[in-house]
Amino acid sequence: MDRQAQIEFLLDHYENPRNRGKIEDPDITMSWGNPGCGDVLTLYLKIDEAERIAEISFEGEGCTVSQASASILTEKLKGQPLAYAEALSPDDVTSWVGREVMFTRPRCALLALDTLKIALREYRRSHPHP
Ligand code: FES
């Protein structure tokens, strides 16, 4: 994606967020904030018996980059195995938001991934592998 397309992609996710709102009866609810600015994000996930992410959504208030990244994250994760989510790295987020955004706004771009990682650790703690 060129720079203009990247900006339009992020703006579209900010203005038309995918999977925004609370899902019914989530298995995981996790709120996490960016200490630098006070913005907070909440992720909701429903995990099925095959350890797939059956549903995922988010709520939050914050900058364009953090909210767009959360929207993109939920879109990428819906239907994916938990192991896929657990293996996601900042490099994956860079491939979604672009190098320039990751370089200039890393904490905003990574708020959703950080929240996800904490959520998954909590889930594993309460649902250990047999
Ligand atoms: Fe707060 Fe971007 S300025 S997350």
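Residues numbered from 1 in each chain as written. Predicted model: local features only at pLDDT ≥ 70, side-chain atom pairs only at ≥ 80, totals over all residues. Heavy atoms only, no water.

*Asks:* So what about unusual backbone geometry? Which residues, and what values?
*Replies:* For Asn 19, which is not glycine, the phi dihedral falls at a positive 60 degrees. By the element assignment, Asn 19 lies in the loop between α1 (3-15) and β1 (28-33). By relative accessible area, Asn 19 is classed as partly exposed at 22%. Here the phi dihedral of Asp 25 falls at roughly 50 degrees; this positive angle occurs in a residue that is not glycine. (Helix = DSSP H or I, 4+ residues; strand = E, 2+ residues; numbered from the N terminus. Buried < 20%, exposed > 50% of the residue type's maximum accessible area, 1.4 Å probe, protein only.)

*Asks:* Break down the packing of helix α4 (residues 90-97) against helix α6 (residues 106-126) for me, with residues and values.
*Replies:* Across the interface, α4 lies against α6 with an axial gap of 10 Å and an inter-helix angle of 130 degrees. What the angle tells us is that α4 and α6 run oblique. Of the two possible hands of crossing, α4 and α6 adopt the one that is right-handed. From α4, Pro 90, Val 93 and Val 97 reach across to α6, where they touch Ala 109, Leu 110 and Leu 113. When its residues are assigned to classes, the contact of α4 with α6 shows six nonpolar, no polar and no charged. (Axes fitted to C-alpha atoms, helices over the stretch in contact; angles between N-to-C directions. Parallel < 35°, antiparallel > 145°, perpendicular 65-115°, else oblique. Left-handed = near helix turned anticlockwise from the far one by under 90°. Contact = heavy atoms within 4.5 Å. Nonpolar A, V, L, I, M, F, W, Y, C, P; charged D, E, K, R; others polar.)

*Asks:* Can you break down the packing of helix α2 (residues 64-77) against α6 residue by residue, with the values?
*Replies:* At a minimum axis distance of 7 Å, the contact between α2 and α6 shows a crossing angle of 45 degrees. The orientation of α2 with respect to α6, classified from their angle, is oblique. Of the two elements, α2 crosses α6, and the hand of that crossing is right-handed. For the pair α2 and α6, contact is made by Val 65, Ser 66, Ser 69, Ala 70, Leu 73 and Leu 77 and by Cys 108, Ala 109, Leu 111, Ala 112 and Leu 116, respectively. Grouping the amino acids of the contact of α2 with α6 by side-chain chemistry returns nine nonpolar, two polar and no charged.

*Asks:* I'd love a proper account of the sheet that holds β1, names of residues and values included.
*Replies:* Across the sheet, which stays open at both edges, the three strands sit in the order β1-β2-β3 with antiparallel pairing between neighbours. Two strands close off the open sheet at either side, each with one partner strand: β1 and β3 (53-61). The mean inter-strand angle of the sheet, taken between neighbouring strand axes irrespective of direction, is 15 degrees. Where β1 lies against strand β2 (residues 40-47), six bridges are found, and the strand directions are antiparallel. (Pairing = 2+ DSSP bridges.)

That is the geometry; function is a separate question.
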